[in-house]
Amino acid sequence: VVAEAVSVSRTQNLFPEAAVLKAHIQAIGGKVEATADNLVQSVVPISSVELLSQHPLVGYLRLPFKPVLTEVTSEGVNSTGANLWQSLTSYRNTAGANVCVLDLGFQGYTTLLGSELPSTVNTKSFRSDGSISASEKHGTACAEIIHDMAPNAALTLVNFNTDVEHRNAVYWITNQTPKIDVISYSIGWLNVSDGKGTGPICADVDRAANSGIVWVGAAGNEALNHFEGTFADPDGDGYYEFPDGSDILAWYVSAYYLVRAFMNWDDWGTWSGTSYSGSANDYDLYLYYRSTTSNTWYQCDSSIGLQSGTQRPTEATGYWYSTASRWWGIRIKKYSATRNCKMEVFTRGNSDAINNNVQAGSLLVPGDSASAVTVGAVDWSNDSREPYHTYSSQGPTHDNRTKPDISAPSRVSCSPTTYGSLGFSGTSSATPHVAGAMALLKEKTPFNLEQIYNILAGRAKDLGTTGKDNVYGAGSLKLKKS
């Protein structure tokens, strides 16, 4: 209980009455937990409550006031028109919807049950340590957006940490009862496949789709961190000469950011359903940093794996830590190759854009999957990529299919315990808007999931080039006709 003391002798913000009440509460068998000004918070035996209330210095006796978590709704709910559907009576449909968020972790989800999330959710961890939290809040924020879009949909939260665990997770998801309808997947992979919708991760997407699940996946946030082009070495020194004439592909990284680089080339061979036949063209990757005092480039790492016919055509540098704001760069060397392969590079850090940036073809895997609904990002407030969403990965796939399939709101709000006000950006936040829209229409209409996707694609607000394109897909998600 909280006793509000009657203040009759307050001087200089002192409340002696509270001290008197504190002593009285202890005398009648109570325990004082806290005091503040004229307020005394205590635990008092039921038999002593009436006695306390009769004390002449108690002006008011009450239960303590307690806060509730502020419920935050993504701005994407109203901007897409999902709010107009939520109160509609289902038409010729009594079925619900079950959405699985497949992610890396769900830190803090239990504190949001009954507010930002449904009162109950199903969970399953495929990590070796069994942790559903995994000290990662990314999946929790994605689940929040789905609940905002489709408040009545059931949620299943599943996490993993490796490709092996990923495979096991997908097997489990496809065998659930009641059936999972939609997978929301705000994750991407580098250097795992040929960009043509094949490879182990895309095989998992195919497996889910073949079981009747709609896989809604992020395109990626790599448009500014991507380069691709056919190897060229006009001066014959063995190193790729990039379009700007330099043999160093550079990007600027602020202090205290990790730096990585990934490279692959078009020599994967044939995908058998379980593996690629491999590469016989061998290229190597070298990582450099530029001195902040002398502007001299220094090599600090290399990736010189063997490609002799069975290995994958990939190289990647390890984790490096930029102790100062500086330029970083890579060089590509042709070690032993019978042709000039088409090279692809992704860099990591916080640069605005790498030199010689090529935005086209910057999809992450499995954004290239023909079985996935791939989602790009636009701003919730105006459906624009500028200035906040130029990072959103673009198609086409390496076999020249148009991706993404649709775009959705990003830079939205979620709970303070995840990313807060306007703090959740990227195709990671766009993807659950589409997954939630799929679930909402499944609950409200008699249409199947394929028909629902076609409805969403047909109602999307066309952006960029007329018709479906490699920047926006069909356009920005709208559940209402413009």
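Residues numbered from 1 in each chain as written. Predicted model: local features only at pLDDT ≥ 70, side-chain atom pairs only at ≥ 80, totals over all residues. Heavy atoms only, no water.

Trainee: Kindly report on the pattern of salt bridges, identifying the contributing residues and their values.
Mentor: For the structure shown, the criterion picks out 16 salt bridges. The residue Asp-399 makes a salt bridge to Arg-401 at a minimum N-O spacing of 3.1 Å. A relative accessible area of 23% means that Arg-401 is categorised as partly exposed. A salt bridge links Lys-403 to Asp-405, with the nearest nitrogen and oxygen atoms 2.8 Å apart. Across the pair, exposure class does not vary: Lys-403 and Asp-405 are buried alike. Residues joined by salt bridges that share partners form a network here, namely Arg-167, Asp-204 and Arg-207. (Salt bridge = Lys/Arg side-chain N within 4 Å of Asp/Glu carboxyl O. Buried < 20%, exposed > 50% of the residue type's maximum accessible area, 1.4 Å probe, protein only.)

Trainee: Report on unusual backbone geometry, specifying residues and quantitative values.
Mentor: Pro-178 follows Thr-177 through a cis peptide bond whose omega is 0°. Secondary-structure assignment places Pro-178 in the loop between α6 (163-173) and β8 (182-185). Following Lys-403, the chain continues into Pro-404 via a peptide bond in cis, with omega recorded as 0°. Inspection of the secondary structure puts Pro-404 in the loop between β19 (372-379) and β20 (406-410). With a phi angle near 60°, Asn-191 is a residue other than glycine that sits in the positive phi range. In this fold, Asn-191 is placed in the loop between β8 and α7 (200-210). A relative accessible area of 16% means that Asn-191 is categorised as buried. Even without a glycine there, the phi angle at Asn-400 is positive, about 70°. The residue Asn-400 is located in the loop between β19 and β20 in this model. (Helix = DSSP H or I, 4+ residues; strand = E, 2+ residues; numbered from the N terminus.)

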